[in-house]
Amino acid sequence: MELICITCPIGCHLTVEKLADNKLAVSGNRCPRGEKYAYEELLEPKRVVCTTVRIAKADVDPSFAGIARLPVRTDKAFPKERIQDLLKHLHSMEVKLPVKRGTVVVENAMGTGINVIATRTIHKKQQA
């Protein structure tokens, strides 16, 4: 199997072979990060998850031209096989304003030790 390492700008072309003892042989990497990347990508793939969550209707400011969602992301790479469950949870929730960029929106998402954080500061609408 062939992979391109994405851990640094070099982009090494990795060749990965499965050995008889159920281990991997990685070649083509110019640094140890390439081998680590191949192992993780093939045995425990993870991704940083970016999406949006709903803002409570009472907090939506009409001057934001219809912005009713808060952009969020995981603070670390999340197990790939559980991403759909995480997205389902995030899309069903609602956040109250104000929210500051970097605020933890979901702590320890699905027991993984990975937090979901806000990626934008949004203030509560001004009361008239």
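In short, a report on the structure.

Reading guide: rules and limits
Residues numbered from 1 in each chain as written. Predicted model: local features only at pLDDT ≥ 70, side-chain atom pairs only at ≥ 80, totals over all residues. Heavy atoms only, no water. Helix = DSSP H or I, 4+ residues; strand = E, 2+ residues; numbered from the N terminus. Buried < 20%, exposed > 50% of the residue type's maximum accessible area, 1.4 Å probe, protein only. Contact = heavy atoms within 4.5 Å. Pairing = 2+ DSSP bridges. Axes fitted to C-alpha atoms, helices over the stretch in contact; angles between N-to-C directions. Disulfide = S-S within 2.5 Å.

1. Points about the overall build of the protein chain
For step 1, the next point in the chain: Counting its regular elements, the protein chain contains two helices and 10 strands.
For step 2, the next point in the chain: Helices (α) and strands (β) of the protein chain occur, in sequence order from the N terminus, as β-β-β-α-β-β-β-β-α-β-β-β.
For step 3, the next point in the chain: Within the protein chain, the fraction of its 128 residues that count as buried is 33%.
For step 4, the next point in the chain: Taking as baseline every contact in the protein chain between residues at least 6 positions apart, the subset at least 24 positions apart corresponds to 52%.

2. Details of the sheet that holds strand β3 (residues 24-27)
For step 1, the next point in the chain: In spatial order, the strands read β1-β2-β3; together these three strands make up an open sheet with antiparallel pairing. Two strands in the sheet have a free side with no partner beyond their single neighbour: β1 (2-4) and β3. Between one strand axis and the next, the sheet turns by 30° as a mean value, whatever way the strands run.
For step 2, the next point in the chain: In this sheet, β3 lies alongside strand β2 (residues 13-18) in antiparallel orientation, the contact comprising four bridges. By the bridge assignment, V16 is partnered in β3 with V26.
For step 3, the next point in the chain: The sheet contacts of helix α1 (residues 32-43) involve β1, β2 and β3, and relative to β3 the element is tilted by about 135°.

3. What to know about the state of the cysteines
For step 1, the next point in the chain: Counted under the stated rule, the structure contains zero disulfides.
For step 2, the next point in the chain: Unpaired in this structure, C12 has its nearest cysteine sulfur neighbour in C8, at a distance of 5.8 Å.
For step 3, the next point in the chain: A relative accessible area of 6% means that C12 is categorised as buried.

4. Some words on the sheet that holds strand β10 (residues 116-118)
For step 1, the next point in the chain: Pairing is mixed across the open sheet formed by five strands, whose spatial order is β8-β5-β6-β10-β9. Each edge of the open sheet is held by one strand with a lone partner, namely β8 (94-95) and β9 (104-106).
For step 2, the next point in the chain: Here two bridges tie β9 to β10, and the two strands are oriented antiparallel to one another. What sits directly across from V104, in β10, is I117.
For step 3, the next point in the chain: Sitting on the sheet, helix α2 (residues 83-92) is in contact with β5 (50-55), β6 (69-74), β8, β9 and β10, with an inclination near 25° to β5.

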